[in-house]
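Letter by letter, the chains look like this.
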Amino acid sequence: MLSLKRRKVRTPDKVSIQPQRMDFDFRDVPRYWAMNDPVVTHLLNALSLTFPDGERMFVDAVRAFRDQVQDKKRQQEISGFIGQEAMHSLEHNSFNQMLSEQGYREEAEGGQQLAQTLIAQGRKRLSKKHLLAATAGLEHITAILAHRLLTDPEFIEQLDPSVRALWLWHAIEETEHKAVAYDLYQDVSANYRLRVSIFLTATSFLASYTTRYTWAFLKRDGVHRKPLTLAKGMWRLFGYKGLISGTVVDYLQYLRPDFHPWQQDDSHLIAEWRKVLEQHAPQAAA
Ligand SMILES: [Fe+2]
Ligand SMILES: [Fe+2]
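Residues numbered from 1 in each chain as written. Chains lettered and ligands numbered in written order. Predicted model: local features only at pLDDT ≥ 70, side-chain atom pairs only at ≥ 80, totals over all residues. Heavy atoms only, no water.

Visitor: What is the right way to read the layout of surface pockets from this model?
Guide: To find leftover empty space, a probe the size of one water molecule is rolled over the atoms. If you add up the space inside the largest pocket, you get close to 720 Å³. What lines the largest pocket is a set of 26 residues, among which Met57, Ile119, Leu138, Ala202 and Phe205 lie closest to the centre. Among the secondary structure elements, those contributing two or more residues to the lining of the largest pocket are helix H1 (38-63), helix H2 (72-125), helix H3 (128-150) and helix H7 (192-221). The space that makes up the second largest pocket amounts to roughly 550 Å³. Lining of the second largest pocket is provided by 22 residues; of these, Leu43, Ala207, Thr210, Phe238 and Ile244 occupy positions nearest its centre. Listed by contribution, the elements that provide at least two residues to the lining of the second largest pocket are H1, H3, H7, helix H8 (227-238) and helix H9 (248-253). (1 Å grid on protein atoms, 1.4 Å probe; cavity = no way out; pocket = protein on both sides within 12 Å on 5 of 7 lines; lining within 4 Å. Points joined across faces, edges and corners; volume = space filled by probe spheres on them. Helix = DSSP H or I, 4+ residues; strand = E, 2+ residues; numbered from the N terminus.)

Visitor: How should I be thinking about empty space enclosed by the protein in this particular structure?
Guide: In the structure shown here, the tally under the stated rule is one cavity of 30 Å³ or more. Within this model, the largest cavity holds a volume of roughly 280 Å³. Together, 18 residues line the largest cavity, and Leu44, Leu47, Leu145, Ala146 and Trp167 are the ones closest to its centre. Among the elements of the structure, H1, H3 and helix H5 (161-176) are those that each provide at least two residues to the lining of the largest cavity. Grouping the constituent residues of the lining of the largest cavity by class yields 14 nonpolar, two polar and two charged. (Nonpolar A, V, L, I, M, F, W, Y, C, P; charged D, E, K, R; others polar.)

Visitor: Mind showing me how you'd approach the packing of H2 against H5 here?
Guide: Each pair of packed helices can be described by the angle between their axes along with the distance between the axes. At a closest axis distance of 11 Å, the pairing of H2 and H5 adopts a crossing angle of 155 degrees. Put simply, H2 runs roughly antiparallel to H5. Handedness of the crossing formed by H2 with H5: left-handed. On H5, the residues touching Gln84, Glu85, Met87, His88, Glu91, His92 and Phe95 of H2 are Val163, Leu166, Trp167, Trp169, His170, Glu173, Glu174 and Glu176. Residue composition of the contact of H2 with H5, grouped by class: six nonpolar, four polar and five charged. (Axes fitted to C-alpha atoms, helices over the stretch in contact; angles between N-to-C directions. Parallel < 35°, antiparallel > 145°, perpendicular 65-115°, else oblique. Left-handed = near helix turned anticlockwise from the far one by under 90°. Contact = heavy atoms within 4.5 Å.)

Visitor: Sorry, what's going on with unusual backbone geometry here?
Guide: As a rule of thumb, non-glycine residues mostly have phi less than zero, and peptide bonds are mostly trans rather than cis. Its identity is not glycine, yet Met35 carries a phi of approximately 60 degrees, on the positive side. Secondary-structure assignment places Met35 in the segment before H1. Residue classification places Met35 among the buried positions, given a relative accessible area of 17%. The backbone of Ala190 shows a phi angle near 60 degrees, a positive value even though the residue is not glycine. For Ala190, the position within the fold is in the loop between helix H6 (180-188) and H7. (Buried < 20%, exposed > 50% of the residue type's maximum accessible area, 1.4 Å probe, protein only.)

So, in structure tokens, the structure goes:
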């Protein structure tokens, strides 16, 4: 039995990790639903393709070690994490289905198939501890993207109302449960070199996957031949305070040996955006 180490930072008590079934209905979603920008939209579409299988893998990675946690609050957090990720998988599955119906069947199905294959290979080759390390690292990436979103009301305003609640809901819940896999990894191993090397490897897989599928979506639309549109989208991602460039400082925090996800206390963002979410999706008030 592993002992729970005392850590200074932990998930704040006021943050509750509760799964919610949302049953989103993605109707009349415009083709470029994020900032009316093909590059930004397709990057987020490509990310969505990884979620159903990726998040199922996260659930299994955490479930494999949950019996080793004695603390009642931590057990509740783990149950909340498992429930939330299971719901994210379901909702992104229907989002991805909507992409197929928008005319991106080849990209949506091919992308999900590739994600499935890569994850199946990972499950086969890596130990349970390695899979937990990968989950903790990828959860850091989702948490910093969520932070980027939740600190940019103008960006959220530029998400089409037909999908805004999905991305808002997902970002809020990723923030709520951002430390669950990390804390469990620290209990199970606390091996810094393994944590960091798997994080860097997982980042490179995710970056090459999303680049490949963002490009595939853009190619389907013929946007790959429009340099000005591409340049504008790239600036929004990688320019000054861009969607990706704006996460670099947070990304690097994971390399600190004493890192903990709640060194950045986002609990006020959760509270503020939960109120907004309830207006967009009343089922979120439950
Ligand atoms: Fe998720
Ligand atoms: Fe997550």
